[in-house]
Amino acid sequence: MQDRDTTALVTERRERAAARWDLDRGVVLVPAGLMLPIAGTDQFHEYHAHPEHRYLAGVGQPGGVLAFDAGEGWTLFVPQPEAAERVWTGNGPSLAAVGDVSGLARVQAASELGGWLERRRGEPVAVIGNDDLTLRAGEYGVESWTSLEFATDEDENERLRTVVAELRRAKDANELALMREAAAATHRGHMAGLGKARAGMSERALQIEIEVEFFGAGAERTAYGSIVGGGPNAATLHFAPTAREFGEGELILVDAGAEVGGYASDVTRTYPVGARFEGVQRDLYELVLGVQERGIAGARPGIEYKELHLAASVEIARGLIDLGLLRGNAEGLVERDAQALFFPHGLGHMLGLATHDAGGCLEGRAPSDRPTLRYLRADLPLQPGYVVTIEPGIYFIRALLEDADLRERYRNDVDWGRVDELLDFGGIRIEDDVLVTEDEAEVLSAATPKSLEGIEALRAEALEA
Ligand code: GLY
């Protein structure tokens, strides 16, 4: 049985959505999505319920559909597997159990969805969530989507989706509790990484040590493919760990997060294979850490996330000037996107039911194609309850730094001789999960050490053990 507070919070989400949708007739369908087959096999990709479904239903069964009828309210349709299927996949949750978690009075077998839709044939219908319902209707037990002759309007779908995205940004107490659990599990994994990394150990072996702890601490899965890169591999932003072994003197970048109850944690730490950051590693680590700490301090209600990102970009440019890698004036370099050669991603993103959660641009704003802004995944003012990552980084990425056109464009802005010496450096990223409050931001991942001294002390202790 689900605790009453959680059920009440999920019920409130639906009430808020329905009030803001303000529909006087018609139907909204919010499918969770079907299992996705791996082509050429009889297996399936790992399942992830559509966040809009999971948010509004509080559950996320494959093939589930949350349906809203403007006159009648909400009904959740959940697949009840036949006996032959139960042999392989088990019973799945009962309708009563789903009713308990979701707080919905009407929970029906998915086999009843077709008849429910038939009775509404020709009405206005909107589909948000996973739109595979319209493409794979038969697998949802609906004979044919087109035969229902629904009146659908893509602009209306978008309006309803935008309402749900806006609601999802500020986390409720149930969501925050799960995000704290995810951050705690992630902390255990990162501590294992900091304690167990050694020269001669492979990226894959370190990934396993970290993920074992995630699962041991209650994670249901990793929030995204863990990124573990040693030496030059740390420069690849979404690097998938390999059998490559860490070398003496290298840095290791670990970007990994546990998922609990569908909610993601997303934390990055960068640390030396040895006991100390050496030379330029030290300079760059201190630069990135300072930028990150000031980014967190700036994460206050009303602050534009883009402004935080641009301020971080200027600080990185200034730091790279001080270290002799860039030349000129920091603001001017950012106007020309020169720092994006070394910091080519956004300051972070919203976090929640997805790793890159309900971000996007506020209405009336358009995404920018500028290298400085292209990968900033949210352009909006921060509000209490939002959870965002703050994750500046500096990398030596050959795909950018060996590009002849970029070298030409920035020939006077960059000390290319110095860059060439550092092409195998890899990269440094430091990332925390940050809850915006009325006052100072709360760092959900604060337990995981990141100060230079703290990391060095842990590494020294680990190597002595
Ligand atoms: N930490 C993975 C990502 O933000 O893409």
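Reference entry: report on the structure contained in this document. (Residues numbered from 1 in each chain as written. Predicted model: local features only at pLDDT ≥ 70, side-chain atom pairs only at ≥ 80, totals over all residues. Heavy atoms only, no water.)

**Considering the sheet that holds strand 7 (residues 227-230)**
The strand order across the open sheet formed by 3 strands is 7-8-11, and the pairing between neighbours is antiparallel. Only two strands of the sheet have a single partner each, and these edge strands are strand 7 and strand 11 (267-272). Taking each pair of neighbouring strands and ignoring which way they run, the sheet shows an average axis angle of 10°. Strand direction decides the pairing type here: strand 7 and strand 8 (residues 251-256), joined by 4 bridges, are antiparallel. Bridge pairing in strand 8 places glycine 230 opposite isoleucine 252. The strands that helix 8 (residues 173-196) touches are strand 8 and strand 11; relative to strand 11, the one it contacts most, it runs at about 10°. (Pairing = 2+ DSSP bridges. Helix = DSSP H or I, 4+ residues; strand = E, 2+ residues; numbered from the N terminus. Axes fitted to C-alpha atoms, helices over the stretch in contact; angles between N-to-C directions. Contact = heavy atoms within 4.5 Å.)

**Observations concerning the site of the ligand**
Taken together, Tyr224, His238, Asp255, Asp266, His349, His356 and Glu391 make up the full set of residues near the ligand. One of the side-chain nitrogen or oxygen atoms of histidine 238 is found 2.6 Å away from an oxygen atom of the ligand. In the model, a nitrogen atom of the ligand is placed 2.9 Å from a nitrogen or oxygen of the aspartate 266 side chain. Considering the ligand on its own, with 200 Å² of exposed area, one finds that the protein chains cover 93% of that surface. Among the cavities detected, the one that contains the ligand is the second largest pocket. Its residues assigned to classes, the shell around the ligand comprises 1 nonpolar, 3 polar and 3 charged. (Near = heavy atom within 4 Å. Polar contact = N/O pair within 3.5 Å; in protein donor to acceptor, adjacent residues only side chain to side chain. Areas by Shrake-Rupley, 256 points an atom, 1.4 Å probe, with all protein chains shown as cover. 1 Å grid on protein atoms, 1.4 Å probe; cavity = no way out; pocket = protein on both sides within 12 Å on 5 of 7 lines; lining within 4 Å. Sits in = over half its atoms within 2 Å of the grid points. Nonpolar A, V, L, I, M, F, W, Y, C, P; charged D, E, K, R; others polar.)

**With respect to the pairing of strand 11**
Of all 6 residues making up strand 11, 6 are buried, and the element is well covered by its neighbours. Of the two faces of strand 11, both are covered, the one formed by Val267, Arg269 and Tyr271 as well as the one formed by Thr268, Thr270 and Pro272. Pairing between strand 8 and strand 11: 6 bridges, direction antiparallel. Bridge pairing in strand 11 links leucine 253 to threonine 270. (Buried < 20%, exposed > 50% of the residue type's maximum accessible area, 1.4 Å probe, protein only.)

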